[in-house]
Structures are given as structure tokens and as C-alpha cells.
Amino acid sequence: MKKIYKEATKNTPKLVFDAEQGILSISGTSSPENPMVFYSEFFKALDDLVIHGKTQMKVTFDFVYFNTSSSRCIYEVLKKLKNYQKNNDSKIVDITWYYEADDDDMKEIGEDIQDLLDIPFNIKEKP
């Protein structure tokens with residue numbers, strides 16, 4: 001399975017995906033000019049994970065900011081993870097959504113996405 005590592009830039013998040021190790025992490029700011037292009041390689045890797053994945057996944061989201069276009073991509077990532085867990089009953093997807101202590105909006109976004117997808121997450125204030 002493909003490993004993906006993208007370092008954060010001013011407008012794009014740090015993205016780490018290693019299906020063999022069961023790690024997925026997205027952090028920072030997500031406001032690329034075209035989020036679908038930025039996340040496309042990642043979407044393909046997640047589709048492959050749903051079909052061929054055999055590991056438990058530890059997933060972290062740690063955003064400072066993301067724009068509306070990116071929110072659609074984040075939602076799509078979570079839908080793919082839900083499908084992974086659904087198709088692999090014995091596999092666990094452990095999702096943690098981090099937010100800053102004074103960022104009630106980011107906390108609420110995590111709660112809203114959790115409710116929309118009916119997928120359990122840990123929503124935690126950053127230490």
C-alpha cells in the first residue's frame with residue numbers, strides 16, 4: 001500500500017498516511033487553491049485501504065483552519081474511513097479531532113461531522 005507524506009505549507013496541511021503502520025494524520029491549515037487536486041492522491045490511497053486494508057487505523061485531525069472547499073474533502077475522508085470500518089468488522093478506526101482551548105468553532109465542527117456521519121470520534125482539547 002502506498003505511503004503519503006506531504007509537508008505543511010502556508011495553505012496546505014501536513015498529511016501523513018501509512019496504511020501498513022495504521023497511521024493517518026492531517027494537521028495545520030487547509031485552504032489550497034483546489035482541494036480536490038491536493039487531496040486526490042490521498043483519496044485514491046484511502047479507496048485502496050477500504051478494499052485491501054488489514055490494519056487498525058489511528059487517525060488524527062488537528063486543524064488550525066480549513067476553508068469550505070476543504071471541509072468537503074475532510075468529510076469525504078471521514079466517509080471513506082467509515083466505509084473501511086464497516087467493511088472490516090474486526091478493524092478499528094480510532095479517530096481523534098483536536099481543537100485549541102479557545103476555538104469553539106473547531107470543536108463544534110468536529111461534533112457536527114461526528115453526528116452527520118454517525119461515526120465515533122474522540123474530540124479533545126489540545127494539551
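So, a few notes on the structure that sits alongside this text. (Residues numbered from 1 in each chain as written. Predicted model: local features only at pLDDT ≥ 70, side-chain atom pairs only at ≥ 80, totals over all residues. Heavy atoms only, no water.)

Digging into the sheet that holds strand E1 (residues 3–6)
Next, step 1: Strands sit in the order E1-E2-E3-E4-E5-E6 across an open sheet of six strands; the sheet is mixed. On the outer flanks of this sheet lie E1 and strand E6 (122–125), each paired with one strand and no other. Pairwise comparison of adjacent strand axes, ignoring direction, gives a mean angle of 15 degrees for this sheet.
Next, step 2: Pairing analysis gives five bridges linking strand E2 (residues 14–18) to strand E3 (residues 23–30), with the strands arranged antiparallel. Bridge assignment links Leu15 to a residue of E3, and that residue is Ile26.
Next, step 3: Its contacts with the sheet place helix H1 (residues 35–52) against E1, E2, E3 and strand E4 (57–66), and it is angled at close to 20 degrees to E2. (Pairing = 2+ DSSP bridges. Helix = DSSP H or I, 4+ residues; strand = E, 2+ residues; numbered from the N terminus. Axes fitted to C-alpha atoms, helices over the stretch in contact; angles between N-to-C directions. Contact = heavy atoms within 4.5 Å.)

Observations concerning the pairing of E4
Next, step 1: Strand direction decides the pairing type here: E3 and E4, joined by eight bridges, are parallel. Considered in E4, the bridge of Ser30 is made with Phe66.
Next, step 2: Between the parallel elements E3 and E4, the chain passes through H1 in a crossover that is right-handed.
Next, step 3: Across six bridges, the pairing between E4 and strand E5 (residues 93–99) is parallel. (Right-handed = clockwise from strand over helix to strand, strands pointing away.)

On their own, these measurements won't tell you what the molecule is for.
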